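Next come the chains, spelled out residue by residue.
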Amino acid sequence: MPRVLLLVASDVDALCACKILQALFQCDHVQYTLVPVSGWQELETAFLEHKDQFKYFVLINCGANIDLLEVLQPEEDTFFFVCDSRRPINVVNVYNDMQIKLLVKPDDDLNIPAYDDIFRDEEEEEEDSGNESDGSEPSGKRKRFEEAVVERTMKRRERRVWEARRQEILFDYEQYEYHGTSSAIVMFDLAWKMSKDLNDMLWWAIVGLTDQWVQDKITQMKYVTDIGILQRHVSRHNHRNEDEENSLSIDCMRIAFEYDLRLALYQHWSLYESLCNTCYTSASLKLWSVQGQKRLQEFLADMGLPLKQVKQKFNSMDMSLKENLRDMIEESANKFGMKDLRVQTFSIHFGFKNKFLASDIVYATASLMENIEKEEPGTASFIKALDSLSRSNLEKLHHGLELAKKQLRAIQQTVASCICTNLVISQGPFLYCCLMEGTPDVKLFSRPVSLCLLSKYLLKSFVCSTKNKRSLTKRTFLAERLRRLQRAHILGLYTTILTCL
Amino acid sequence: MDCRVPSKGAGAWAVDRPIVTSLRFCRVKSVLAAGATSTMSGFDDPGIYYSDSFGGDPAADEGQVRKSQLQKRFKEFLRQYRVGTDRTGFTFKYRDELKRHYNLGQYWIEVEMEDLASFDEDLADYLYKQPAEHLQLLEEAAKEVADEVTRPRPSGEETLQDIQVMLKSDAHAANIRSLKSDQMSRLVKIPGIIIASTPVRAKATRISIQCRSCHNTINNITVQPGLEGYALPRKCNTEQAGRPRCPLDPYFIMPDKCKCVDFQVLKLQESPDAVPHGEMPRHMQLYCDRYLCDRVVPGNKVTIMGIYSIKKSGQTKNKGRDNVGVGIRNAYIRVVGIQIDTDGSGHTFAGSVTPQEEEELRQLASLPNIYETVAKSIAPSIYGSTDIKKAIACLLFGGSRKRLPDGLTRRGDINLLMLGDPGTAKSQLLKFVEKCSPIGVYTSGKGSSAAGLTASVIRDPSSRSFFMEGGAMVLADGGVVCIDEFDKMREDDRVAIHEAMEQQTISIAKAGITTTLNSRCSVLAAANSVFGRWDETKGEENIDFMPTILSRFDMIFIVKDEHNEERDMILAKHVMSLHVSALTQTQAVEGEIDLNKLKKFISYCRTKCGPRLSAEAAEKLKNRYVLMRTGARQYERESDRRSSIPITVRQLEAIVRIAESLSKMKLQPFATEADIEEALRLFQVSTLDAAMSGSLSGAEGFTTQEDQELLSRIEKQLKRRFAIGSQVSEHSIVQDFVKQKYPEHAIYKVLQLMMRRGEIQHRLQRKVLYRIK
């Protein structure tokens, strides 16, 4: 059986999809090699390095939106299987049915332009040119010549119109970048259809979806829809726990649907820290100002939570307070204008002590992947992040949680200082902000996911801070210069601010 | 006893509770019932005696039932709690630990509150809110589990021991200041420093008392745990016909029928960083019992879990006059768990080393450049001074202490003196060593007295008897004493540590106490020149130390603040970057060991390794020693004067110690030739260079015989010509001797020496010398 090369992008969704695929490969005894890639450059080099040994390439969360055949120049007998949540998919990839196979859910709304609108058979054109050359020869018959000329001009005009239309269609198609169904869900669907789905795989699919939501890659609507789909699977897999008689042992893994708070990591942190460092609450309460801090105190007082308990670790908080904490917080949050503090999500529970929300895992894995503490090659932290997803590596996961806390704190501080010192500058249709080099946390933002999170937080906070509603349609543009890498990470966020309100 | 169980109600209870446990709590009422019925009814009453074993009185027994249920739940927790996943396998944390501890004869177990909360949140909540009752249940449960897991026990050990349960929590600690009355009798977690401890004493948990007139005994009276005592009954209740009533306060305790536990009272002080500006730290009394005794010593930084309790305030003087103070109580904490913080300075034992850590440390030791790495990790924020750092590394690891067949010991600790200009980071190095050494004591010369450094005898205010209290050098036994401003110390105080430095003991004969204390510690001292800055022109005058103390230091470094543009540039850059990146840099730089690991490594090496010189190394050192001496002789012959730097046996020992410490870093059993080479180099750059600059010639062994003869000749001549009571101008004396071809520095030295001995004195603005004796 031929070996397969797995090219996996560095984001949590891709990791989860990769995890599911690895499990499937293990079932079928397929040999594979895993190569993490981050960016097109790395994709190309990885391909060049391995193209002699492999015929089958699986691309996860990379490659769909570039013309793979043109960029990679593969041999005829090389096959690509692309599972990418990024949209729009390059039309060449869509219509190449020989070498490139796309894994897309059928109900995804892709809006791909029709084949005839963007492609013409090359032969026809060649024929045309052949005709042209024929026509240019003096054949003698004038009438026929005229006809030919008319036909040719007609054809040319038709062609020009077609070209213009093609441009337009392609422009419309490629104008906005967005994300489709998460790769992890696609992979899980695959496993399900093969009847090889496991509870673990389902959990990875959930984490993949949650990653998209945490990073704001998909709309709330899409998130809720996908959650609904996954919930069916969850209840299919975890129904055995409901009745008393054949309940599972506590050591088994159970996934449960939760309508939980969207406070980041609060079960592993203190409620106070979590409130302060979650984008949603800190932006709504405007925590960077003195007024905001007062508002937070009011909010806590409204819930009737003593400060001492709120600052205590969540695990060690007073039981009586924890009992109906969620309802209490939701009720008070409504008063403070935070309408959707609770979201639909899932939790995993195994053993006595290990209970995690899907977003906890996302934060932990992402920060493990972008760990800057040690100067290691990118693959090491990638593997570490991959390991943390499986349940047997709890230590790594806990380490990841600590890193995630650090990261969230850093983001919060940076956002606060940017807004307080008016560093966010409005420039035409864009907002931009430059981070000073040498500030303590700037090193944390040298990786794409962290930078992306930072800019989204900054954007949301800025929207809340500004009174000028006109700026609501602007976009942020965040640049951070990395001295060591001698290149600038420039990140444009092509989401209008309206969507995040 | 005849127990007849009424059928009603019994069936209902028996269904959901195992009979075995509930029978333990059956209350026997027959005696009382019999007494009541026999007095009331006539002779025809058949007398139904029964014991209602399933709680005939539901209101009174509800607590009992609830307790037994809770205890069952606790037992389930201890038996069933497991960690791990189905992939990694499970370990039954508490069950296994209980078994292990029990088999080792350690009858205690540590329970994490978080584990308990994840098993059953209510149990943890009960334990938080009413710890006093529920901890007892947990201990009972632990005892039962221990019984199950250790059965069958070997013969002779059948009786089950009580198990002590200690608690541990991951929660954020509260502050002593924040403990308010609403926390009373709850579980609290508090950080602090232990500043005082009493000796371990015994406290009865169950006592038997006897009436002294009627010899009636009452057995097994439970005494509340904690500092609360037990008030003996004032009256004897037994009434026997034909005997006079027993007098008031008839009971006494029968000590041989009491069960006792160890207990100790500690004093906890707030940690310094929690004290608000301008306030004094607050204290809290701690009560520890059983296995918690002697876990900590004064100086340890700890985090304690305990029950915030109250006790009767101390005896008031005007007792009985007014009882307004009835409800006023003093707070103390009944400790149920102690965690020792290993970071920070002072008495912070690194604790036990886990096998993984041991593996890691061994790997570290096997690095080829471990010596450089360790030296680099010593105070990484200080630029340069590589040789001093290397010497400090040697001092931290130390040589091997040897016990000779005749019972005498040779010290293995390395003493180090740094002399030099201000602003050369000497104190910083000292502070670092204090933090990094397993036991470190930092004192400043001016602030420490002889008694404070060695030992003092003080009178106990309560018992009015004398007892000893160890000083800095006793407290640092097995570690390092850092003495800053060594030159500012009074000469008498400095003399006090002579014995400690070479013999490593401190002998005391004061106030009826004659004893010898151990002080096996290294001394790291820092001093300035006499003139504040090092005066190149003055040479040896810079140092104002007795040769006796100088000779006790293995290595002496002279740190000079040299002016060198290139070096200054680098230094300035280094200092700037330190100030700029003080916040951002928290992680250890590549190639360095972080402080905690270094500390662990040092204490590990010190305990695990005691290297000796290998035969080849000894041979090499011997040859080098001979070569140096002969080489020196040759050099002397050539230059026609004796070198002022001979290598004596004392220095030879120092080199051996340094070489041993170098091999200790590598965890090798024998010091190799390379170690000897490096030790010689270190000795060369430190003491020899210092001696070379002419500054140590006052020290013993650094003045050659010829110099000595020269000096004594000058002195003799001077004394002959300079009568007592006369005064001569200094200039004329010097001129006179110079004319006689005596070297000028020798003349000054003689004058200096005589002045030190108090034989001559300067008069009239140091122009004229006056001979006193």
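Residues numbered from 1 in each chain as written. Chains lettered and ligands numbered in written order. Predicted model: local features only at pLDDT ≥ 70, side-chain atom pairs only at ≥ 80, totals over all residues. Heavy atoms only, no water.

An unreviewed UniProt entry annotates chain B as DNA replication licensing factor MCM5 originating from Alligator mississippiensis. The UniProt entry for chain B carries the following text under Subunit (unreviewed entry): "Component of the MCM2-7 complex." Taken verbatim from the UniProt record of chain B, the Sequence similarities (unreviewed entry) comment is "Belongs to the MCM family." (UniProt positions renumbered as here; feature names shortened; annotations may be inferred.)

As annotated in an unreviewed UniProt entry, chain A carries the name Cell division control 45-like protein and comes from Alligator mississippiensis. Recorded under Subcellular location (unreviewed entry), the UniProt text for chain A is reproduced unchanged: "Nucleus". Of chain A, the UniProt comment under Sequence similarities (unreviewed entry) reads exactly: "Belongs to the CDC45 family."

**What about the overall build of chain B?**
The number of helices and strands found in chain B is 25 helices and 26 strands. When each of the 773 residues of chain B is scored for burial, the buried share is 41%. Counted over contacts in chain B with a minimum sequence separation of 6, partners at least 24 positions apart contribute 72%. For chain B, the exposed area adds up to about 41,600 Å²; of that, 52% sits on carbon and sulfur atoms. (Helix = DSSP H or I, 4+ residues; strand = E, 2+ residues; numbered from the N terminus. Buried < 20%, exposed > 50% of the residue type's maximum accessible area, 1.4 Å probe, protein only. Contact = heavy atoms within 4.5 Å. Areas by Shrake-Rupley, 256 points an atom, 1.4 Å probe, with all protein chains shown as cover.)

**Remarks on the interface of chain A and chain B**
Opposite the 25 residues of chain A that make contact, chain B presents 26 residues. Buried area between chain A and chain B, summed over both chains or domains, comes out near 2,200 Å², and the portion from carbon and sulfur atoms is 50%. Sorting the residues of chain A by area buried against chain B places Met319(A), Phe352(A) and Lys353(A) first, and these three jointly supply 31% of that buried surface. Here chain A is connected to chain B by four residue pairs in polar contact (both at pLDDT 80 or more). Those elements that place two or more of their residues in the side of chain A that touches chain B are α14 (307–311) and α15 (319–322) of chain A. (Buried area = accessible area lost by both parts, 1.4 Å probe. Polar contact = N/O pair within 3.5 Å; in protein donor to acceptor, adjacent residues only side chain to side chain.)

**Topic: the sheet that holds strand β10 (residues 354–357) of chain A**
All names here are of chain A. Sheet architecture is open: three strands sit in the order β8-β9-β10, paired in antiparallel fashion. The outermost strands of the open sheet, each flanked by one partner alone, are β8 (254–261) and β10. Averaged over all adjacent pairs, the angle separating strand axes in this sheet is 30°, with direction ignored. Strand direction decides the pairing type here: β8 and strand β9 (residues 342–350), joined by eight bridges, are antiparallel. Residue Ile255 lies in a different strand from β9, and its bridge partner there is Ile348. This element, helix α10 (residues 220–237), spans β8 and β9 of the sheet and lies at about 35° to β9. Strands in contact with helix α16 (residues 325–335) are β8 and β9; relative to β8, the strand with the most contacts, it is inclined by about 30°. (Pairing = 2+ DSSP bridges. Axes fitted to C-alpha atoms, helices over the stretch in contact; angles between N-to-C directions.)

**Details of the sheet that holds strand β1 (residues 4–9) of chain A**
Residues and elements named next belong to chain A. In spatial order, the strands read β2-β1-β3-β4-β6; together these five strands make up an open sheet with parallel pairing. Both outer strands of the open sheet, β2 (32–37) and β6 (100–102), are each paired with one neighbouring strand and no more. For this sheet, the mean inter-axis angle between neighbouring strands, taken without regard to orientation, is 20°. When strand β4 (residues 79–83) meets β6, the two strands line up parallel, connected through three bridges. Looking at the pairing, Phe80 lines up with Ile100 of β6.

**Looking at the packing of helix α9 (residues 199–214) of chain A against α10(A)**
Residue and element names in this part refer to chain A. At a minimum axis separation of 11 Å, α9 and α10 run at an interaxial angle of 170°. The orientation of α9 with respect to α10, classified from their angle, is roughly antiparallel. Here Asn199, Leu202, Ala205, Ile206, Leu209, Thr210 and Trp213 of α9 come into contact with α10, specifically with Gln220, Tyr223, Asp226, Ile227, Leu230, His233, Val234 and His237. In terms of residue class, the contact of α9 with α10 is built from nine nonpolar, five polar and one charged. (Parallel < 35°, antiparallel > 145°, perpendicular 65-115°, else oblique. Nonpolar A, V, L, I, M, F, W, Y, C, P; charged D, E, K, R; others polar.)

**Description of the environment of Val4(A)**
All names here are of chain A. Mapped onto the fold, Val4 is located in strand β1. The exposure class of Val4 is buried, given its relative accessible area of 9%. Sequence-distant contacts of Val4, that is, excluding residues within four places in its chain, are made with Phe25, Val30, Gln31, Tyr32, Thr33, Phe54, Tyr56 and Val58.

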